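For reference, the chains in residue letters:
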Amino acid sequence: MRTARGKLTVLLLFLILISLTPNIPWLLPSAAVLLSLRSARSMLVRALLILPLSAMIALGAWWSGDGVVAATLLVKSYLSVLAVLAFNAVTPAQDWIAALRSWGVPGALVEVLQFVHRYLTVITDEARRMRIAATARGGFRFDAAAGALGVLFARSWARGERVHRAMLARGYNGKAL
Amino acid sequence: MHIPDGFLTPPVWLTLDALSAPAVAWVARQTRKSESVADDQRIPLLGVMGAFVFAAQMVNFPVALGASGHLLGGTLLAVILGPSAAALTMTAILVLQALLFQDGGVLAMGANVFNMAFIGVLAGYLPVRLWGRSTLSVLAGGALSVVASGAMALGELKLSGVTLGNSALGIGLGIFCLTGLIEGVITVAALRSIERLRPQSIPTHTPISFHARAAVAMSALLLITGGAWIASAAPDGLQHLAAKVGLQEQPVWTNAPLAGYALSGVGPDWLQTSLAGLIGVTCVYAVCAIGIKRR
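Residues numbered from 1 in each chain as written. Chains lettered and ligands numbered in written order. Predicted model: local features only at pLDDT ≥ 70, side-chain atom pairs only at ≥ 80, totals over all residues.

Visitor: Mind showing me how you'd approach the overall build of chain B here?
Guide: A tally of regular secondary structure across chain B gives 10 helices and 2 strands. Residues counted as buried form 45% of the 295 residues belonging to chain B. Taking contacts inside chain B between residues at least 6 apart in sequence as the whole, the part at least 24 apart equals 72%. (Helix = DSSP H or I, 4+ residues; strand = E, 2+ residues; numbered from the N terminus. Buried ≥ 20, exposed ≤ 12 C-beta atoms within 10 Å, placed from the backbone. Contact = placed C-beta atoms within 7 Å.)

This is the structure:
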């Protein structure tokens, strides 16, 4: 956990550095540092995935007449995403979530984060199965999608209650996890 | 609507981080408090609900013209969990989206939490608080929540010196209005289906008293008067866009009673704009009130 805290600190400092950099030439050293990390190099393409949104905002800026600024913003957002991806590749999520607690992030938020992270894959898999079944039947109609959402909600809720009862049975007192 | 890193300048993201941190601490305390009162532990439930909102993105709703949308969830969470628990859950979702899925920046997290977990949830909850839960109030909540947080995001980008011209702003706002409408419709449909399957998980929402509603009306009045006064100095984005595309060359509605958002011949300019705004809002309120009565 201590190493996770260190990595999170480095990530934040690096992002702040990028945020403070005024233009593209000054961003080159940061880019060089990132490229020297193996975890970042393997993410070069994945980081492009967020570009559509950034590109849309940058396009708005460019259209309004500021090409250089738009390009700088695009490069900055790309480097920031690359840094987060590199951080992700070397830090398991439960480690940095636990590290947040030692930084004084409220316990309730940390616990909700841990639960969301734990159940994300379980419930998303359930949703994916529903979607595959719906696709096999010819896709969601509007009311069918609403019904699926209701079913997903009811199952998630029931799961939440079940999990909580199981945790109470194992001595969970609302704080320690 | 998730602002990525790199777009906000340090003063802007720093301010919003500094604003969001105590707000998150506050809702976290609120959630703990309500938990000890109600005796049913809510934290595991909030976690599972957060995961549900993530998973709900897999369920695509076909909307008109082949486009499809999915639930964003702020209003749904507010109606089911109450505003502070909803804000806490949305914060958790945004943190994971930023750090695990690169959806929204890390430094910009304060801004995104402020826009979506606080403004979005509050705006989505407001109509339900005012008029109780009905189809129309939930629809309005969903739409309002998206438009409000989208407008905040655009404002923050603008504050950061991202040069967004009036036409770009107009397009952005147009997209948010459309997304908001879709969110409203999906939230209504989802709540209906939840009510059928699990009615006990939706708490009852009694509308607030007449006096409280009057107080809200008064503050809205102040905002409109002040806002119209400031806003009338700058033309709005959609109008600018329309003028650019050539839609507005010979407008036929210049002779309508509230043309140009001013009530002509009632005194000084600022009074005209404010009165026109007031009349507009009253009409909207009346329509909503009648619609809700007829439910």
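Visitor: Is there a simple way to think about the overall build of chain A in this case?
Guide: Along the backbone of chain A there are 8 helices and 0 strands. Listing the helices and strands of chain A from first to last along the sequence gives α-α-α-α-α-α-α-α. Rg of the C-alpha trace for chain A: 21 Å, well past the compact-globule value of 16 Å for 177 residues, more than 25% over. Projected onto its principal axes, the C-alpha coordinates of chain A cover approximately 55 × 45 × 30 Å. Across the 177 residues in chain A, those meeting the buried criterion constitute 40%. Considering only contacts within chain A whose residues lie at least 6 apart along the sequence, 66% involve residues at least 24 apart. (Rg over C-alpha atoms; globule rule 2.2 N^0.38 Å.)

Visitor: Help me out: how do you make sense of the packing of helix α5 (residues 109–131) of chain B against helix α6 (residues 135–159) of chain B in this one?
Guide: The axes of two packed helices give the description: the angle between them and the distance between them. Residue and element names in this part refer to chain B. One can describe the packing of α5 onto α6 by two numbers: an axis separation of 8 Å at closest approach and a directional angle of 150°. Relative to α6, the element α5 lies roughly antiparallel. Between α5 and α6 the crossing geometry is right-handed. (Axes fitted to C-alpha atoms, helices over the stretch in contact; angles between N-to-C directions. Parallel < 35°, antiparallel > 145°, perpendicular 65-115°, else oblique. Left-handed = near helix turned anticlockwise from the far one by under 90°.)

Visitor: For this particular structure, what's the right way to read the interface of chain A and chain B?
Guide: Taken together, the contacts link 64 residues of chain A with 58 residues of chain B. Secondary structure elements with two or more residues in the side of chain A that touches chain B: α1 (2–20), α4 (51–63), α5 (67–90), α7 (107–136) and α8 (142–169) of chain A. No other element matches α8 of chain A, which puts 18 residues into the side of chain A that touches chain B. Partitioned by chemical class, the residues of the side of chain A that touches chain B number 40 nonpolar, 16 polar and 8 charged. (Nonpolar A, V, L, I, M, F, W, Y, C, P; charged D, E, K, R; others polar.)

Visitor: Would you mind going over α1 of chain A with me for this structure?
Guide: Residues spaced three or four apart along an α-helix point in a common direction, a consequence of the helix completing one turn every 3.6 residues. Residues and elements named next belong to chain A. Taking 1.5 Å of rise per residue, 19 residues should cover 27 Å, and α1 covers 27 Å from first to last C-alpha, within 8% of that figure. Within α1, burial applies to Ala4, Leu11, Phe14, Leu15, Ile18 and Ser19. The arc that holds every buried residue of α1, seen down its axis, measures 140°, which confines them to one face. In α1, those exposed residues whose orientation departs by more than 90 degrees from the buried face are Arg2, Gly6, Thr9, Val10, Leu13 and Leu20. (Expected span 1.5 Å × (residues − 1). Arc of directions from axis to C-beta.)

Visitor: Quick question: what am I supposed to make of the domain arrangement of chain A here?
Guide: Bring the parts together and some accessible area is lost; that lost area is often taken as the interface size. The domain architecture assigned to chain A consists of domain 1 (2–93) and domain 2 (106–169). When each unit is reduced to the centre of its C-alpha atoms, the spacing between domain 1 of chain A and domain 2 of chain A is 32 Å. (Domains from an automatic or database assignment.)

Visitor: Would you mind going over the environment of Val116 of chain A with me for this structure?
Guide: Within the secondary structure, Val116 of chain A is located in helix α7. Taking the number of C-beta atoms within 10 Å as the measure of exposure, Val116 of chain A has 25 and is therefore buried.

Visitor: Quick question: what am I supposed to make of the packing of α1 of chain A against α5 of chain A here?
Guide: Residues and elements named next belong to chain A. Interaxial distance between α1 and α5 falls to 10 Å at its minimum, and their mutual angle equals 175°. Here α1 lies roughly antiparallel to α5, going by the angle between them. Packed against α1, whose contacting residues are Lys7, Leu11, Phe14, Leu15 and Ile18, the element α5 presents Lys76, Leu79, Ser80, Ala83, Val84, Phe87 and Val90 at the interface. When its residues are assigned to classes, the contact of α1 with α5 shows 9 nonpolar, 1 polar and 2 charged.

Visitor: I keep staring at unusual backbone geometry and nothing clicks. Help me out?
Guide: Most peptide bonds take the trans form, and the phi angle of most residues other than glycine is negative. For Gln102 of chain B, which is not a glycine, the phi torsion comes out positive at approximately 55°. In this fold, Gln102 of chain B is placed in the loop between α4 (83–101) and α5.

Visitor: Help me out: how do you make sense of the environment of Thr3 of chain A in this one?
Guide: Residue and element names in this part refer to chain A. One can find Thr3 in helix α1. Thr3 gets classed as exposed once you count the C-beta atoms within 10 Å, which come to 11. Taking the C-alpha atoms as reference points, Thr3 and Ala146, 143 residues apart in sequence, are found 44 Å from one another.

Visitor: How should the confidence of the model for chain B be read in this particular structure?
Guide: Detailed reading of the predicted coordinates is not advisable wherever pLDDT falls low. Residue and element names in this part refer to chain B. The share of residues in chain B with pLDDT of 70 or more is 72%, and the mean pLDDT across the chain is 79. Here helix α9 (residues 237–245) stands out as the element of chain B with the lowest mean pLDDT, 52, in contrast to α4, whose mean of 93 is the highest. Contacts of residues 247–255 to residues separated by more than four positions or lying in other chains number 5 contacts, the stretch itself having pLDDT below 50. Complex prediction metrics read pTM 0.81 and ipTM 0.90. (pLDDT = per-residue confidence, 0-100.)

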